Amino acid sequence: MKFLSFRRDGRSRAGVYCAANACIEQVIQHGEVDIFQAVKTVRRNRPQLVENITEYKYGYDLVLHYVLHYLEKDLKDKDKEKEKEKNTGQN
């Protein structure tokens, strides 16, 4: 998934968003998440992103909130789509 994020100084919340988005995609696809690795990957190209523990914790909290409140619904929706495609293919 590609996305574009704008920020006046080009970092801070944009870095948190990039890392959190990568983590959410990871948890949807693999059922597990590595926030440290996601932040490390984001910082590989832009070392100024996610500069401090407050930003890191905020990204962690975003992913946790998603997992607790939205993951189950998204997985159910994904299963329904697969079932619908399966049924459509049989007709």
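The shown structure was predicted, so the numbers you read here are calculated from the model rather than taken from an experiment. (Residues numbered from 1 in each chain as written. Predicted model: local features only at pLDDT ≥ 70, side-chain atom pairs only at ≥ 80, totals over all residues. Heavy atoms only, no water.)

**A look at the pattern of salt bridges**
Here is step 1 of the chain: Applying the stated criterion to the full structure yields 2 salt bridges.
Here is step 2 of the chain: Put simply, Asp 61 and Lys 57 hold a salt bridge, and the shortest N to O gap is 2.9 Å. Here Asp 61 pairs with Lys 57, and both are found in helix H3 (residues 53-69), just 4 residues apart, close to one helical turn.
Here is step 3 of the chain: Using a relative accessible area of 31% as the deciding quantity, one classes Asp 61 as partly exposed.
Here is step 4 of the chain: Notably, a salt bridge pairs Lys 73 with Asp 77, separated by 3.0 Å at the nearest N-O pair. Taken as a pair, Lys 73 and Asp 77 lie in helix H4 (residues 71-90) at a separation of 4 residues, close to a single helical turn.
Here is step 5 of the chain: Taking the relative accessible area as the measure of exposure, Asp 77 reaches 30% and is therefore partly exposed. (Salt bridge = Lys/Arg side-chain N within 4 Å of Asp/Glu carboxyl O. Helix = DSSP H or I, 4+ residues; strand = E, 2+ residues; numbered from the N terminus. Buried < 20%, exposed > 50% of the residue type's maximum accessible area, 1.4 Å probe, protein only.)

**Structural notes on the nonpolar core**
Here is step 1 of the chain: Counting residues in hydrophobic clusters, the biggest one holds 15 residues, and the most contacted among them are Cys 23, Ile 35, Val 39, Val 42, Val 63 and Tyr 66.
Here is step 2 of the chain: Those elements that place two or more of their residues in this core are helix H1 (13-30), helix H2 (35-45) and H3.
Here is step 3 of the chain: Here the element with the most residues in this core is H1; it accounts for 6 residues.
Here is step 4 of the chain: Sequence-distant contacts of Cys 23, that is, excluding residues within four places in its chain, are made with Val 33, Asp 34, Ile 35, Ala 38 and Val 63. (Core = buried A, V, L, I, M, F, W, Y, C linked by side-chain atoms within 4.5 Å. Contact = heavy atoms within 4.5 Å.)

**Some words on the side chain of Glu 55**
Here is step 1 of the chain: Its location among the elements puts Glu 55 in helix H3.
Here is step 2 of the chain: You can call Glu 55 buried: its relative accessible area is 13%.
Here is step 3 of the chain: Reaching out from Glu 55, the side chain makes a polar contact with the backbone nitrogen of Glu 51 at a distance of 2.8 Å. (Polar contact = N/O pair within 3.5 Å; in protein donor to acceptor, adjacent residues only side chain to side chain.)

**Considerations on the packing of H1 against H2**
Here is step 1 of the chain: Remark: H1 packs on H2, axes separated minimally by 9 Å, with the N-to-C direction vectors making an angle of 130°. Classified by the angle their axes make, H1 and H2 are oblique. The interaxial crossing formed by H1 with H2 has right-handed handedness. Seen from H1, the contacting residues are Gly 15, Cys 18, Ala 19, Ala 22 and Cys 23; seen from H2, they are Ile 35, Ala 38, Val 39 and Val 42.
Here is step 2 of the chain: A per-class count over the contact of H1 with H2 returns 8 nonpolar, 1 polar and no charged. (Axes fitted to C-alpha atoms, helices over the stretch in contact; angles between N-to-C directions. Parallel < 35°, antiparallel > 145°, perpendicular 65-115°, else oblique. Left-handed = near helix turned anticlockwise from the far one by under 90°. Nonpolar A, V, L, I, M, F, W, Y, C, P; charged D, E, K, R; others polar.)

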